[in-house]
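Descriptive structure summary
The primary structure of each chain is shown beneath.
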Amino acid sequence: MSEWRPPVAWSDLVEPEHTLGDTLRQSAERWGERPFLGCQGREMTYGEFDGWVDRVARGLAGLGVGHGDAVATMLDNGLEYVATWFAASRIGAVEVAINTAFKGEILSYVLGHSEARALVCHVEYVDQVIPRLEELPRLEHLILVGDAGDPAEIASRAGIRVTAFAEFDRLDGDPLGIEVSPLDLCQIAYTSGTTGRSKGVMVPHNRIVQTGRSLARVRRIDSEDVLYTPLPLFHNNARYITLMPALAVGAKVEFGLRFSASGFFDEVRRCEATQFNYLGVMIAILNKQEPSERDRDHRLNLGWGAGAPKDIVETF
């Protein structure tokens, strides 16, 4: 992908702040021992996660991924997803989030349009990807999360280099010294495609960082909070409205795999969440659940989202 720079008019309007990688580093230095991320029983502190991101960044650099290259992600919620995003940003690469439901023409369109050089993919979605690879000459690397079995067998079917995500610690790329600007492109977020082909929305580092800081202030989040969401990380809600505010103030994030009306409050209780983020339909669905004596048995003090009708919100 050709290197992208914002127009001069934009740089005059937007005050540079920090990159995604700098923000994580500063948070790790300040709250290194605090829990940062949790998902399905796995947990990492700020310090542990920052060190892991460095190793993943070296792994990407060891594959030849560099500043301005696009790294696509096709993953379920998990710590590897967040680590890939932050690692790509640390070497100036651009993360491209892929809806895991994409297949066929729309999948090859997004991968081709973004000119992705590498795809970090859960093994569950490999069979959606391999039939499209002939249309994607710029895609050079397939990095597999999960039990990949024999990567060589997958590589023989894929016709490109296949690497297990767990092998990144043994790659020897060196991302240190790469200069990344807060105005550099950090992510291409593709729209749902309901009115035509998905559009690639270009998102710079400082937009992401400032969103997190602003929402932390508005919602009065502090380092004792636990933010929960079952929404997918390929959607901006989970990233910008859950993850980034927590990172700004040293709070903890808990990711669910998917929304379940019957299991929602069990998850909230398990992770001791104090805030959750939602899409309006979630409130409507939860509101239809049978009343229970445990309805107030939780630590939640705020739900943040949009799209729920006023009468349902008041009832809820």
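This section reports on the structure supplied with the text. (Residues numbered from 1 in each chain as written. Predicted model: local features only at pLDDT ≥ 70, side-chain atom pairs only at ≥ 80, totals over all residues. Heavy atoms only, no water.)

Quick notes on the overall build of the protein chain
Along its length, the protein chain carries 12 helices and 13 strands. Taken over C-alpha atoms, the radius of gyration comes to 20 Å for the protein chain, in line with the 20 Å a tight globule of 316 residues would show. Here the protein chain holds 316 residues, and 52% of them are scored as buried. Here the contacts in the protein chain between residues at least 6 apart in sequence split such that 74% fall between residues at least 24 apart. In the form shown here, the protein chain has an accessible surface area of approximately 14500 Å², with 49% of it arising from carbon and sulfur atoms. Between the mean site of the 32 positive side-chain charges and the mean site of the 44 negative ones, the protein chain shows a separation of 3 Å. (Helix = DSSP H or I, 4+ residues; strand = E, 2+ residues; numbered from the N terminus. Rg over C-alpha atoms; globule rule 2.2 N^0.38 Å. Buried < 20%, exposed > 50% of the residue type's maximum accessible area, 1.4 Å probe, protein only. Contact = heavy atoms within 4.5 Å. Areas by Shrake-Rupley, 256 points an atom, 1.4 Å probe, with all protein chains shown as cover. Lys, Arg positive; Asp, Glu negative; His and termini not counted. Charge placed at Lys NZ, Arg CZ, Asp CG, Glu CD.)

Considering a nonpolar patch on the surface
Taken together, the side chains of Leu279, Val281 and Ile285 define a hydrophobic patch exposed on the protein surface, amounting to about 220 Å² of accessible area. Residue position: valine 281 is located in helix α11 (residues 280–287). (Patch = residues over 30% accessible without salt bridge, like charges linked within 9 Å, V, L, I, M, F, W, Y side chains within 5 Å. Salt bridge = Lys/Arg side-chain N within 4 Å of Asp/Glu carboxyl O.)

Quick notes on the pairing of strand β4 (residues 94–97)
Along β4, one buried face is formed by Val94 and Val96 and the opposite face, lined by Glu95 and Ala97, is buried too. Where strand β3 (residues 70–74) lies against β4, four bridges are found, and the strand directions are parallel. Along β4, the bridge assignment pairs alanine 72 with valine 96. Once you follow β3 into helix α4 (residues 79–90) and on to β4, the crossover reads as right-handed. Bridging between β4 and strand β8 (residues 185–190) involves three bridges; their strand directions are parallel. What sits directly across from valine 96, in β8, is isoleucine 188. (Pairing = 2+ DSSP bridges. Right-handed = clockwise from strand over helix to strand, strands pointing away.)

Some thoughts on helix α8 (residues 205–218)
Since the α-helix packs 3.6 residues into each turn, any two residues three or four apart lie on the same face. In this model α8 runs 20 Å from its N-terminal to its C-terminal C-alpha over 14 residues, within 8% of the 20 Å that 1.5 Å per residue would give. All of the buried residues along α8 are His205, Asn206, Ile208, Val209, Gly212, Leu215 and Ala216. Buried-residue contacts for α8 involve α2 (20–31), α4, β8, β9 (200–204), α9 (236–249) and β13 (302–306). (Expected span 1.5 Å × (residues − 1).)

Considerations on the packing of aromatic side chains
Evaluation of the coordinates by the stated rule reveals 12 aromatic pairs. Summarising the aromatic geometry, the rings of phenylalanine 49 and tryptophan 52 are spaced 6.3 Å apart at their centres and angled 80° between planes, so their arrangement reads as edge-to-face. Residue phenylalanine 49 and its partner tryptophan 52 are both found in helix α3 (residues 46–62); the two are separated by three residues, about one turn of the helix. Each member of the pair, phenylalanine 49 as well as tryptophan 52, carries the same accessibility label: buried. The interplanar angle of 80° and the centroid separation of 6.2 Å between the aromatic rings of tryptophan 52 and phenylalanine 165 together place this pair among those described as edge-to-face. In this pair, tryptophan 52 is assigned in helix α3 and phenylalanine 165 in the loop between β7 (161–164) and β8, connecting sequence segments 113 residues apart. With a relative accessible area of 11%, tryptophan 52 lands in the buried category. Each member of the aromatic cluster is reached from another via a ring pair, and the members are Trp31, Phe36, Tyr46, Phe49, Trp52, Trp85, Phe86 and Phe165. (Phe/Tyr/Trp six-rings, centres within 6.5 Å; stacked < 30°, edge-to-face > 60°.)

Side note on the environment of cysteine 186
Its place among the elements puts cysteine 186 in strand β8. Classification of cysteine 186 as buried rests on a relative accessible area of 1%. Sequence spacing of cysteine 186 and alanine 238 is 52 residues, and the spatial spacing of their C-alpha atoms is 16 Å. Beyond its immediate chain neighbours, meaning those up to four positions away, cysteine 186 contacts Leu20, Trp85, Ser89, Ala93, Val94, Glu95, Val203, Pro204, His205 and Ile208.

Observations regarding the sheet that holds β8
The strand order across the open sheet formed by seven strands is β7-β6-β5-β3-β4-β8-β9, and the pairing between neighbours is mixed. Strands with a single pairing partner mark the edges of an open sheet, and in this sheet they are β7 and β9. Across this sheet, the average inter-strand angle for adjacent strands is 25°, counted without regard to direction. Two strands pair when backbone bridges link them, and β3 and strand β5 (residues 116–122) are joined in this way by five bridges, in the parallel orientation. (Axes fitted to C-alpha atoms, helices over the stretch in contact; angles between N-to-C directions.)

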